Amino acid sequence: KNQKEMTDVKTRQLTDNELITRYQEGDTSCFETLLERYQAKVYGYIFSVVKDKETADDIFQETFYKVIVTIKSGQYKGENKSVHWVMRPHCLSGHS
């Protein structure tokens, strides 16, 4: 395996909190790992509520933008919380 593949494997083994801490410290690959980990579940939840692909795509994008802002601003204080639960309040805010 090359160096990147080995780093990716190690990153995937980290907990959400470890990934978030590393992302806050500047390791952008950690957010990519979080996105891969939760993308299907969060998108599926959004789509099940709005039942429209374009709207779901927009909300999904907004959700992850808000998550990035929350993490980068230091507002995420999520000991033992999964990112999925942090994102849920963001998912449908302003969309009904």
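Cut-off values and rules
Residues numbered from 1 in each chain as written. Predicted model: local features only at pLDDT ≥ 70, side-chain atom pairs only at ≥ 80, totals over all residues. Heavy atoms only, no water. pLDDT = per-residue confidence, 0-100. Helix = DSSP H or I, 4+ residues; strand = E, 2+ residues; numbered from the N terminus. Core = buried A, V, L, I, M, F, W, Y, C linked by side-chain atoms within 4.5 Å. Buried < 20%, exposed > 50% of the residue type's maximum accessible area, 1.4 Å probe, protein only. Arc of directions from axis to C-beta. Phe/Tyr/Trp six-rings, centres within 6.5 Å; stacked < 30°, edge-to-face > 60°. Lys NZ or Arg CZ within 6 Å of the ring centre and 35° of its normal.

Description of the confidence of the model for the protein
In this model, the protein carries a mean pLDDT of 81, and residues with pLDDT of at least 70 account for 73%. Of all the helices and strands in the protein, helix 5 (residues 83–91) carries the lowest mean pLDDT, 57, while helix 3 (residues 28–50) carries the highest, 91.

Topic: the nonpolar core
Phe-31, Leu-34, Val-42, Ile-46 and Ile-71 are the most contacted members of the largest nonpolar core, which has 17 residues in total. Going through the elements one at a time, helix 2 (16–24), helix 3 and helix 4 (53–72) are the ones with two or more residues in this core.

Thoughts on helix 2
When we look at burial in helix 2, the residues that qualify are Asp-16, Leu-19, Ile-20 and Tyr-23. Angularly, the buried residues of helix 2 cover 100 degrees about the axis, an arc narrow enough to put them on a single face. Looking one or two residues beyond helix 2, the residue adopting positive phi is Gly-26, at roughly 110 degrees.

Let's talk about the packing of aromatic side chains
Scanning the entire structure with this criterion turns up five aromatic pairs. Ring centres 6.0 Å apart and planes at 80 degrees place the aromatic pair Phe-31 and Phe-64 in the edge-to-face group. Taken as a pair, Phe-31 in helix 3 and Phe-64 in helix 4 lie far apart in primary sequence, 33 residues in all. When its relative accessible area of 10% is taken as the criterion, Phe-31 is described as buried. A relative accessible area of 6% places Phe-64 in the buried class. Seen in terms of ring centroids, Phe-60 and Phe-64 are 4.8 Å apart; in terms of plane orientation they differ by 55 degrees. Their pairing is tilted. One end of the pair, Phe-60, and the other, Phe-64, are both in helix 4, four residues apart, so they sit about a helical turn from each other. Given the relative accessible area of 13%, Phe-60 is considered buried. Three or more aromatic residues link up through ring pairs in this structure, and these residues are Tyr-23, Phe-31, Tyr-43, Phe-47, Phe-60 and Phe-64. Lying across the ring of Tyr-23, Lys-72 places its NZ or CZ 5.0 Å from the centre.

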